[in-house]
Amino acid sequence: MKIKTKLVLMEMLSLLILAIVLVVASLQITINEMGKRIEETLTVAVEGFNGDVNYLRDDGSDIDITVFEGDTRSESSIENAVGTKASDVVIEKVLEGGKEFFDTNISVNDEAYYGYYKPIENGMLFAGKPKRDVDEFLKTIVSEVLLIAAIIYVICVVIAVFVSNSIAKRIKRASEQIVVLASGELGQELAKPVKNVKDEVDVMNNAIFDLHRELKDIITVISDEAKQLNSSNTEFQDRFTNITENVRNVNSAMEEIATGSTTQASETTSAGEQVADMADVIEQNSKNVDTLEETVKHMSELSDNADSILNDLVTINQKTLDNIEVVSEQTNATNSSAEKIREAVQMIQDIAQQTNLLSLNASIEAARAGEAGKGFAVVAEEIRTLSENSADSASEIEAIVQELLENSNKSVRKMDEVNGDAQIQLEKLTHTKDAFESLKSEVNAVSEASHGIYEQIVRLEEQKNTINGAVEQLAAISEENAASTQETSASMQLLFGAINDCKKETEVLSDLSKNLTEKTEHFRL
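Residue positions within a chain follow its written sequence, with the count starting from 1. Reporting in this predicted model follows two pLDDT cut-offs: at least 70 for local features of residues, and 80 or more for side-chain atom pairs to be given and counted; totals over whole chains, interfaces and linings ignore these cut-offs and use all residues. To get the side-chain values, take all heavy atoms of the structure and skip hydrogens and water.

Visitor: Please explain a nonpolar patch on the surface as it appears in this structure.
Guide: Any residue with relative accessible area above 30% and no salt bridge may belong to a patch, with like charges joined within 9 Å and the nonpolar Val, Leu, Ile, Met, Phe, Trp and Tyr side chains within 5 Å. Note that accessible areas follow from Shrake-Rupley with a 1.4 Å probe, and for residues the cover is restricted to the protein chains shown. Any carboxyl oxygen of Asp or Glu that lies within 4 Å of a side-chain nitrogen of Lys or Arg is treated as forming a salt bridge with it. On the surface, a nonpolar cluster with roughly 540 Å² of combined accessible area is contributed by Leu13, Leu16, Ile17, Ile20, Val21 and Val24. Helix numbering and strand numbering both begin at the N terminus, where a helix is a DSSP run of H or I of at least 4 residues and a strand a DSSP run of E of at least 2. Among the secondary structure elements, Leu16 is positioned in helix α1 (residues 3–47).

Here's what the structure looks like:
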């Protein structure tokens with residue numbers, strides 16, 4: 001689709017939307033204003049009511065008047081309306097609410113009215129205008145508005161087509177100029193620019209003309225410079241090729257010398273490192289022997305301390321066994337005493353039982369004696385109570401003694417177990433003591449061997465120092481030779497790398513020159 005067609009369609013669509021919005025808005029405003037005017041007219045009609053409901057009809061107006069008694073029409077200029085009732089909405093707002101009411105759609109005898117209600121003393125007054133008359137008037141207004149909108153729309157479309165055609169022509173000219181630039185035909189002349197313009201399309205055409213002129217000048221300069229650059233790059237490549245071959249030969253010779261020096265320095269350094277490692281091992285062994293000597297001394301001291309502690313533990317364990325035996329004897333004595341207490345309690349219980357029988361017999365005899373035996377009966381009752389209390393106390397004592405005996409027996413069993421454990425502990429301590437005696441002998445032997453190793457390491461340290469000095473001097477000389485050779489070789493490597501970089505850069509420049517020439521060939525001057 002061409003730009004002209006797009007512009008016309010876009011403007012037509014915009015104008016159509018604008019026309020619809022204006023028509024709808026104007027109609028809505030007209031309807032609202034019409035409703036307000038009708039409401040004012042009906043209000044005036046109600047206010048001017050003089051008792052005759054046909055006074056407006058007689059004057060040629062289409063407004064009807066109705067008088068309500070309560071919610072029922074009692075008089076009306078509307079045919080067959082007398083006796084009908086008002087709607088629920090009207091009753092609620094006017095009769096019950098006591099307010100004036102206006103509505104645009106009130107049905108009376110199946111005919112729509114614009115209606116206005118006003119409350120009076122015994123009912124309401126109604127003024128109404130048939131809606132069909134208003135609708136006919138609105139249709140006439142709508143038709144006139146639509147006709148005017150259509151005429152204006154056609155005029156605007158014609159103007160839009162004219163403006164779009166003018167814009168499209170200038171845009172087409174700008175597109176043709178851009179196509180000429182894209183094709184590379186810089187030798188083709190473009191349309192002269194228009195002076196003192198403010199239109200964006202004309203400004204774009206003038207800018208394209210200036211771009212064409214500047215691009216033509218730039219391409220001309222680039223083409224000439226690319227040819228000169230290509231010639232210089234060819235000469236540089238030939239010279240760098242010769243320099244590269246010469247440097248490569250020198251570099252090979254230096255690499256062979258550097259390799260020999262590096263190998264010699266490496267072997268000397270390796271020997272020095274081995275001697276140094278041996279020296280470190282000897283030094284570490286010396287430190288280990290010192291540590292071992294100290295450890296042996298410390299172990300000997302710990303062995304003496306452990307032997308003393310074990311002797312103390314044996315003595316304490318023996319005292320514990322003696323104390324356990326004493327506690328066991330005392331526990332057995334306590335058991336014997338508890339048994340004697342239980343026998344005594346048994347005797348008390350027997351006495352209490354016999355006393356209870358005697359008090360019972362005394363009570364029987366007192367009862368037989370009658371009045372003379374009442375005092376004796378009281379004594380007999382006290383004796384019976386005393387015997388029962390004695391029996392209860394004896395039972396409690398017997399329970400306590402029984403618990404004491406059980407606890408004592410448990411203590412005896414525990415003492416036996418502790419005694420057995422103490423015997424086992426004594427045996428373990430004896431074995432441990434013997435083991436520490438053997439360990440002490442072995443520690444003494446290790447101490448003598450450690451002292452002998454220390455003397456041998458001292459001699460080895462002296463010999464190591466002599467060898468290490470000689471190797472270090474030889475390694476220093478070899479490292480100096482290798483370092484000098486490596487520095488020379490590194491310098492040659494750097495020189496060779498710099499020359500290669502320069503050669504690569506010339507190749508890049510040559511490629512750029514070729515690409516630049518190819519690109520500029522697209523434009524024809």
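Visitor: In this structure, what is going on with unusual backbone geometry? I would like to understand it.
Guide: Working note: non-glycine residues mostly have negative phi, and peptide bonds are mostly trans. A positive phi angle, near 55°, is found at Asn109, a position not held by glycine. Note on placement: Asn109 falls in the loop between β3 (101–108) and β4 (111–119). Burial here depends on accessible area, computed with a 1.4 Å probe over protein chains only, as a share of the maximum for the residue type. Under 20% is buried, over 50% is exposed, and the range in between is partly exposed. Asn109 sits in the partly exposed class, given a relative accessible area of 37%. Residue Asp110 is not a glycine yet carries a positive backbone phi of 65°. If you trace the backbone, Asp110 turns up in the loop between β3 and β4.

Visitor: Help me understand the sheet that holds β4, please; the structure alone is not making it clear to me.
Guide: Working definition: the strands of a sheet are paired by backbone hydrogen bonds and lie parallel or antiparallel to each other. Across the sheet, which stays open at both edges, the five strands sit in the order β2-β1-β5-β4-β3 with antiparallel pairing between neighbours. At either end of the open sheet lies a strand with only one pairing partner, and these are β2 (72–76) and β3. This sheet shows a mean twist of 35° between the axes of neighbouring strands, independent of strand direction. Pairing between two strands is assigned when DSSP locates at least 2 bridges connecting them. Pairing analysis gives six bridges linking β3 to β4, with the strands arranged antiparallel. When the sheet's bridge partners are listed, Ile106 is paired in β4 with Tyr113. Helix axes use the C-alpha atoms of the stretch in contact, all axes being lines fitted to C-alpha atoms, and the angles between their N-to-C directions lie in the range 0 to 180 degrees.

Visitor: What's the story with the nonpolar core in this structure? I'm lost.
Guide: Generally speaking, a soluble globular protein has its nonpolar side chains buried in company with each other. Residues grouped as a nonpolar core are buried Ala, Val, Leu, Ile, Met, Phe, Trp, Tyr and Cys residues, joined through side-chain atoms within 4.5 Å. In terms of nonpolar packing, the biggest core is built from 18 residues, with Leu42, Ala45, Ile63, Ile65 and Ala127 touching the most fellow members. Residue assignment for this core shows that the elements contributing at least two residues are α1, α2 (55–58), β1 (64–69), β4, β5 (123–130) and α4 (131–183). When residues of this core are assigned to their parent elements, the largest contribution, five residues, is made by α1. Any pair of residues with heavy atoms lying within 4.5 Å of one another is described as a contacting pair. Apart from residues no more than four positions distant in its own chain, Leu42 is found in contact with Ile63, Phe102, Tyr114, Gly115, Tyr116, Ala127, Gly128 and Lys129. Judged by nonpolar contacts, the second largest core, of 14 residues, contains Phe68, Val90, Tyr113 and Phe126.

Visitor: Is there a simple way to think about the pairing of β2 in this case?
Guide: As a general feature of sheets, a regular strand has side chains that alternate between the two faces. With four bridges connecting them, β1 and β2 associate as antiparallel partners. Bridge pairing in β2 links Phe68 to Arg73. Counted between consecutive antiparallel strands, the loop separating β1 from β2 contains two residues, among which Gly70 sits at a positive phi close to 70°.

Visitor: How should the pattern of salt bridges be read in this particular structure?
Guide: Think of it this way: side chains of opposite charge can pair up when their charged atoms draw near. Going through the model one piece at a time under the given rule, you end up with seven salt bridges. The partner of Asp71 in a salt bridge is Lys85, with the nearest N and O atoms 3.6 Å apart. With Asp71 in the loop between β1 and β2 and Lys85 in the loop between β2 and α3 (88–96), this pair connects stretches of sequence that are 14 residues apart. Overall, the relative accessible area of 54% leaves Lys85 in the exposed class.

Distances and angles like these do not, on their own, reveal function.
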